[in-house]
Amino acid sequence: MAVNWAERISAFSRSPSRFLSGTTADAFLAELLRELRDDRASYSIKVLLLSPLCEHPTLLCPSDSVGEETALELMSVFAQCPPKSVQFRCHLLLALTSVLVCTSCVSGRSRASQDFLDLLLQIAQDTADLHGDGALRSLRATACDCLRELEACCSGLLSQRLELLGGLRHKETSRLHQAYAGLHALAIRNAVYQLAQETGAGADHLKALLGGNTSIAWEAEQDSDLMSNKDSSILSCLTLCPMGTVPTLQTGPDCKELRSVLSSLLEESYLLTPLGQAALLHRLIEVVAMVPGVPPAIFRAQLLRLLGTSEVCLLHSTLLMKCAFTDSLFSAEDEAFILKRLVVLSQHPLLSSPEKLFYMDCILHFPENRPISCGDGDESLPVLLTPRLASVLLPTVFNDSATMLARLNLLSLVYMEEGEGEEGKGLAYLYDHLTSLLHIVENGGSREIAVTFFRAAFLFLLYFFHVESYANGLTEKLGKLYLRHTHLAPHLINLADQTQDRLSESSWAVGLLRALQGVITEAPLAQLTLPDLSWHLKMLTRVAEEGEIPQRSTLRFLSSVVTPSSSPLCVSGDWRLGNSILGVCRRLLVHPTLDSLLIPLADILQHLACRYGDTDIQDHARLYYTLLTTLSKEKLAGVLARGSGEGGRQVTKRSLSCIMAESEGLTSVLTIHQTEKPIFRLVELDEEKRAHHESDSSPNVTQNCPGEANAALDVYRSQFHNPGFASEITLHYHLTHTADHDSRFDQLFSIRLHFDLTDDHYEELCDISVPCLFRERPPPAVKLRLKPRRPYPTTLHASAIFTTQDGLSWHTLLPDVHVSFQQAFLPLPAPTTWGIGDKLSVFEQLWEEMCSESGEKDQADCATSLFCCQLEEAALVALLEKHLLPYLLSDPCHKEESKVLFFLPPRSHMLLKIRSEEDAVHFSIATDNWQLLPHTSSFLLTITSSCEDK
Amino acid sequence: MSVRAVWIISQEKGENVSIRYSRRFATVEHRAQSLAGGSYAAVPEDSTVLQLLLTELGLSDSHKSYVVLRDDCVHRQRSPALELRVDGPGKGVLWPVLAISQGPLILACLPLVDAPAEPRPPLASLLSVSQGLTLLAGLQTFLLSSGSMIDSEGLASRLAMLPSVLLQICPLGTPLDVPLLGTPATSTAPTPAGSQKQPAWKTGLHRGRAVVNVALVETVRSMQYGNRCRQDLWDVFGTVSCKCEVEGVLPNVTVTLTLPPNGSPLQDILVHPCVTSLDSSILTASSIDNCDGSAFSGPYKFPFSPPLEPFRLCSYTSQVPVPPILGSYQLKEEENQLRVSVNLKLHESVKNSFEYCEARLPFFNRDQMGVVDVKVSSGQLDVFKEKNLLVWVLGQKFPKCREVTMEGKISFSGPTAGPTDPLCTELTAYIKLYFKVPDMTLSGCCVDQHSVQVYSSAKPRIITCRELQSKEYFIWNSTGSAPVSSGQMML
C-alpha cells in the first residue's frame, strides 16, 4: 500500500495530538523507522520522515528507553546511508540530537548518546572533505552544531576536550571556522563556569582545562562533582545577573592561556556572520565576567566597529557588554554616545518598525554605568535622557500603532520625571496629539485607530490623571465622541473599568461615566435611533453600577424612552431592547440611593409590566416590580446579589434573574471547563469477583444434543446466522477517584463517559452515563461492551463530561483503558441446553477441520502451532485453574490431556490441547484465524512464566 | 540565544489565514523547560498559536467591532514582543513572541529566555530577541525577494525551500546566518588553499576581472505647511550600496565619501558589518545634536572586505539648508466647488533634469468630481474622477523660471461619494510629490571614482553613480489644518 507520507507528516505536524488519536505513538514511530530503513524510499521522503523526530521527540519517544532504542536504530540507518546523501545524513544528526537530548539520554550518559558523541567528534575531525565537494562540508557543519547544542543542553559535556576543539578551530580555513568558534567559545564558557563553582579552583586548573584533551570516556568522570551539575542556572545568561552574583574564578593576573584563546577568538570575530559574532561576543563577555584576571579591555579593539554597526544583534551585544562591564570598559562619553545612538536608531528611517521598538525598549532598560534605580526590571529612564534629546521621539499621527504607543509611553515617562504640569509644553503636546487621534476616530477612523486611541488615552491617564485640566478636557471630548459614535460604548466602558482598576486613587472613571450619563440623558430624544439606544442602555447599565452617581437622570431617560408619547422606539416590543432596559433597572434595584429612586423606578417597571409588547419582558418587569415594592432594601440586595467575581461558586444562588444581566459570570456556567489532571479513572474489576458473577447465571444442565456427531457443529454454526450473536465482549470496571484530592471534585454528577478508539479493530463505542460519583461512597460499576471486528489488544482513549456540586460543567481526560488480548476471550457460545459432551464434540470437529490440509477456501486462515514450556505438574494444574478454567472443556480430573477453547468474537476460535510430555508441557494450538497466533503465544508466555516464577 | 519555534503565516487582512510553515526546535524547548521550571509553558499546537497570535495582533474576528481579548486598552501593544496567554490544559504564558508582518506574510518566532523566568527579565537583556529579529527579517527578505508583487507561486516555491534553508542557517534553533538571496544555500566554491580564513559570510570566491560598483542614493522627505506658525520640515538620508567582484579570500576595498567644501557633516552613520575599522570621528555627528561648525566633515573612509552579493555599505542622514522643491497649496471652498491654487518652485541648486517628476492631489470625503476646470503652466494634467485624484505630470524639466503653477476650480457634483480618509477632513488636504533626479545629491556627498581603492593585482573597473529621490514629500493646504508631523518642531 502506498502511503502518502508527505500528507501524513504534515497532518502530524499540524496537530500531533489529533494525529496520534488515530494511531499510537509507538506504532507511528515503528512505521517511521521501518520506512527509514526501506531502501526503496527516496531520500527526500526520508528527510520528511525525520521531522516528527526533530520537532516532537518526546511524543514519539515517551521514555528514555524508547529514546535510546530509537537513537540506536537511527545510528544504524546513518551508518548504512551512502555518504553522498548529505542532506539526509545532516537531518539524521539533527533527529538524533533531538531524541537523545529530549529523552534525557544525554544527561543520563546513556550508551547511545556516548556513541553519538563519538560519532559527532569523528565527523567534526574528519577533514577529508577539504579538497573535495563543498557539499560534504555541510555534514561537518551540522555535526558541529549538534555538538554545540549537546554542550548547550548538557553543560560541561565537552569541557575535557577544549584543546581538541581549539585545534580544530585553529586549523579550519573554510567558512566552517564559524561553527568551530561557536562550539569552542561555548565549551570554554561552560568549563570556566563549572570551575568557578569549585572551591579552591584557580589558575592551574584553568590552564589544565584549556590544555587538557582527555579522551577518557564519561564513565571516568561520572562520579566527579563537576559533571553532575543538575542545576539549570548554568543555562542562564550571566550578563543578566546582578552585580556580585556571577561566580568568579580567582586566577590572579596569570591566565595567559585563556587570554590568548580569547584574543584569537576576538580577532577572528570579524569573519563571522553578524548572528555568529553576536553569539560569540556574548559567550566571551560571560567568560571575562567570570575571570577577573582578564581585563574587559580585551574587547576594546572591537568597540568602534560594533558601535557603528547597522546590525541590531551586534549593537545589542555591545549593550550587553556595557551591562556587564560598565565603567571598566565604557567611559562617561561612551555612555552618552551610546544613548544618543539608541535615540537615533529608535527613529531611523531605514530601520524596520520592530527594530525601532526594540531600541526604544533598550532606552528604557539602558545599562547605565552608575544606575540610580535598583534595576528591578521595570522601565526606567536613563539620567542622560533629557527632554530635549527625547523630543525627536514625540509621537505623531503618522506613526504606526505600536510605535506611536511606545513613543507616547517613553515621552510620558520623560515629562513625568520632569514633573511637568499644566504649563509644561511637552505635556501640552502629548495632549494635543491625543486630541488629534481622537479627531481621526471621530472622523471615521478604522477599528485599529480606535483601539490605538483608547490605548493611548489609557497610557496618558496612567501618567497624568492628576493634571486636572487635561483629565477633564479628555472626559468632555470622550463624551462628544461617544455621542457621534455610540458603537464605541464597549471601548469607553473598558477604559472606565481599567482606569478605575489601575488608578484607585483617582475618580476619573466615575467622572467619565457621569459625563456619559449626561450626554445620553440630555441629548434630544427625537434623533435617537434604535442601535444608539441599545448602546446607551449598555452604557447606563455600567453607569448604574456606580453608587456615587445619582441616577435620577437615567430614570428620566428610561421613562421617556418607554413612553410611546415621547419616543416611538419601544413600540415594537423588541425582546432584546426590553431586556436591556430591564438590565438597567436591575442595577438600579441594588443602587445605594434606591430610596430616592423608588417611585420613578416603580413607575417604569409598572409601565413595562402592563404595556410592553413582549410577554417575557412583562413578566420580568412584574417580578422586579413586586420585588421592589415588597422586599426590604437588604433583602432585595441579597436576592439580586451580583454573582460575578466569585468565580462561579455562587451558581446555585442565581436562581431568579440570570437572564437579566448578561455580564454576570454567566459564561462560567455556560462554558465547559477543562480539568488540569484526571479526576477519576476506570479500574478493572477482579477476575474472581467477575467469575463469581457469571457462574451464577450459567445453568448447569447436562443434556446431550440429539443426532449425530457432525450435527453438533452444524447446530453450533447455525447460531451465527442470527446477527449480533456472541459478537460482544463485556468488560467490568469500577469508576473511582484518582489519588489527587481536590475537594471541588468530591461529589460529581451526571457523568458521561466517552471513548475513542485508537485503531479500527473495534466498532465505535456508545457513551456511558453514570449518575453520580461520591468520594466516600462505593464506586459505581461500569460495563464496557466492546464489539470487535478483529479481537486484538487495543487501547481506548477515555474522556468524560460531568457536573460538580456548584453547577459547573467540566471536561476531563481519563487515563487510557488498555484492553488485553485475553479480555476478548469468551467460553464456547454453545446453546444453553448443551452438556459437556456436545461441547467436546464441537471441539473435536473444529480441531479436525483446522488441522486438515484440505485447501478449502474458508480454511485459508486456519493454522496450527505448538508452544512448549517447562512446568511442574502442580504448576500446570494451578495454571489451568487460575487462567483457563472458564474455557476448559475436558474434565479437570482428566490429567493427561486438557482441552481448552477460547471463542473470540466475532467468529474466531482458538483451541488448545495441553499435554504433559516427559520433557515439557506441550500446548498444541489450532485456530481458524492465524493472525491471532502471535498474540496467543505472548499470552501463553505471560501465564506460564508467571507460574514458573512461583 | 536560540529560538524555540518559528511560524510563517499568510493572510489577507485577517481573512484566509493559514500557517504555511512552522518549525519547532525540540532541544531548545528542552532547555526552555529546565530554565523556566514551574512557570514553563509548552508551545501549543499550530492552530492555537495562530488564534492567539492573530488576537494579539488585532487581526482576529475582523467582523466584530469590539472583542475584549483583542481590544482591551491595557494591552501593551507597544513592545516588539507579544505575550500569548495559553488556556486549557497546557496553561501558561508564551513570551516574548516576536512577529513581523509585510504584505500577506506574518513571520513569528519565540526566542528562548535564558534567564530565570520570575521576575520577567527585560527584553533588552535577552540576546535571543535581537537575534530573533534578525532571523525573521532575513527570512522575510528571502520569502518576498521574488519581487515587490508577491505571486503565490513564487512564495510557495520559496516556502518549499525553507527546510533546507533552515538546515543551513538555523539547524537546531540557534540562528547562525540569514538566508542567502538568489543563490542556493550550499556553496560550490573551492576552499582556498592559503592560511587566510574565509569569512563565514562569504559563500565563495570571485574569479575574473575586478569590478566595483558603488551607488549612492539620497532620499528627501518633506512636510511643507506654507504657514507662518508652522515651520516647514525636510530631511535627507543617504545609502551607499556596493556590488564588488574582487578576487581573493579577504580582499581590501576602501570607499571614500567626500563633501563639498562647506557641506554639512554626514550624521548618524551606520555601517555594514563587513567594514573592518572605523575612525571615531566618523561616528560623532548625530542628528539630535546641535550642529557645530567644527564638526568633522570628511572625507569619510570606509575600509571593508566585500561579500559576494550586493550590500548596503553605509547609510547617513544630513541636514540641508533648503528643500529641493518649495511648494504652496491653497484651497478655497466656493459654493459647491473648490478653488485650487498651487505653486511649485525648484531650488536653484538642484539640477533641472528629472528622471520623473509628478504631483498628486487627492481629495477625500467629498462627492465624486464633476467639472474639473484647472490650468497648469507647465506639464500635463491627468484627472481620475473615480478616485478624486489629479495627477500633474511635470516630466523631465521645470521651465526656465523654475516655477510652475496650477489654478482652477473643481466641482464635486458626482453621483457617488469619493474615497474617504479620517485625516483629511474639510480643508485638510495635501499634494504629494514624486521625483527622482539622476546624478546629484542634496548634501553634495559623492563617491569619486578615483577614491575607490582596491588592493588587488589587476586594475579594477570602478563604476559609481548617485541620485536623489523623494519619499513622503508632502505639501499641505495652507488654508486648512495640517497634522503635526514632528513633535520636536512644535516645542
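Residues numbered from 1 in each chain as written. Chains lettered and ligands numbered in written order. Predicted model: local features only at pLDDT ≥ 70, side-chain atom pairs only at ≥ 80, totals over all residues. Heavy atoms only, no water.

K.L.:
Any chance you could explain the pairing of strand β17 (residues 389–393) of chain B here in plain terms?
P.N.:
A regular strand places its side chains on the two faces of the sheet in alternate fashion. All names here are of chain B. Counting buried residues along β17, four of its five residues qualify, which places the element largely inside the surrounding structure. In terms of strand pairing, strand β14 (residues 356–362) meets β17 through five bridges, oriented antiparallel. For Arg360, the partnering residue across the bridge sits in β17 and is Val391. Sheet topology note: the strand β16 (residues 380–384)/β17 ladder contains five bridges and is antiparallel. Its bridge partner lying in β17, Val383 is registered against Leu390. Connecting the antiparallel pair β16 and β17 is a turn made up of four residues, with Asn388 showing a positive phi of about 50°. (Buried < 20%, exposed > 50% of the residue type's maximum accessible area, 1.4 Å probe, protein only. Helix = DSSP H or I, 4+ residues; strand = E, 2+ residues; numbered from the N terminus. Pairing = 2+ DSSP bridges.)

K.L.:
Looking at this model, I keep getting lost on the packing of aromatic side chains. Mind explaining?
P.N.:
Aromatic ring pairs: the centre-centre distance and the angle between the two ring planes describe each pair. Residues and elements named next belong to chain A. One pass over the structure, following the stated rule, counts 39 aromatic pairs over all chains. Arranged with centres 5.1 Å apart and planes meeting at 65°, the rings of Phe453 and Phe454 form a pair that is edge-to-face. Each of the two residues, Phe453 as well as Phe454, counts as buried. Centroid distance Phe745 to Trp810: 5.0 Å. Interplanar angle 85°. Geometry classified as edge-to-face. (Phe/Tyr/Trp six-rings, centres within 6.5 Å; stacked < 30°, edge-to-face > 60°.)

K.L.:
Is there a simple way to think about the sheet that holds strand β5 (residues 768–774) of chain A in this case?
P.N.:
Neighbouring strands of a sheet are bound in pairs by backbone hydrogen bonds; such pairs are parallel or else antiparallel. Residues and elements named next belong to chain A. As summarised here, the arrangement of the five strands in space is β1-β8-β7-β4-β5, forming an open sheet in which the pairing is mixed. The open sheet has two free edges, formed respectively by β1 (672–674) and β5, since each of these has just one partner strand. Here the average twist between neighbouring strands, direction ignored, is 35°. As paired strands, β1 and strand β8 (residues 809–819) are joined by three bridges and run parallel to one another. Looking at the pairing, Gln674 lines up with His811 of β8. (Axes fitted to C-alpha atoms, helices over the stretch in contact; angles between N-to-C directions.)

K.L.:
Explain the packing of helix α26 (residues 508–522) of chain A against helix α27 (residues 530–543) of chain A here, please?
P.N.:
To characterise two packed helices, one gives the angle between the axes of the helices and the distance between these axes. All names here are of chain A. Contact geometry of α26 with α27 gives a least axis separation of 10 Å together with a crossing angle of 140°. By the angle between their axes, α26 is oblique relative to α27. As for the relative orientation of α26 and α27, their crossing is left-handed in sense. Within the contact between the two elements, α26 uses Leu513, Leu516, Gln517 and Ile520 and α27 uses His536, Met539, Leu540, Arg542 and Val543. (Parallel < 35°, antiparallel > 145°, perpendicular 65-115°, else oblique. Left-handed = near helix turned anticlockwise from the far one by under 90°. Contact = heavy atoms within 4.5 Å.)

K.L.:
Is there a simple way to think about the pattern of salt bridges in this case?
P.N.:
Any two side chains of opposite charge can pair if their charged atoms end up close together. All names here are of chain B. One pass over the full model with this rule turns up 46 salt bridges over all chains. When the shortest N-O distance is used, the salt bridge between Glu83 and Arg120 registers 2.8 Å. Placement of Glu83 in strand β3 (residues 81–86) and of Arg120 in the loop between β5 (105–111) and α4 (127–144) is noted, with a sequence separation of 37 residues between them. With relative accessibility at 23%, the residue Glu83 sits in the partly exposed group. Put simply, Arg339 and Glu334 hold a salt bridge, and the shortest N to O gap is 2.9 Å. Judged by relative accessible area, which is 27%, Glu334 ranks as partly exposed. (Salt bridge = Lys/Arg side-chain N within 4 Å of Asp/Glu carboxyl O.)

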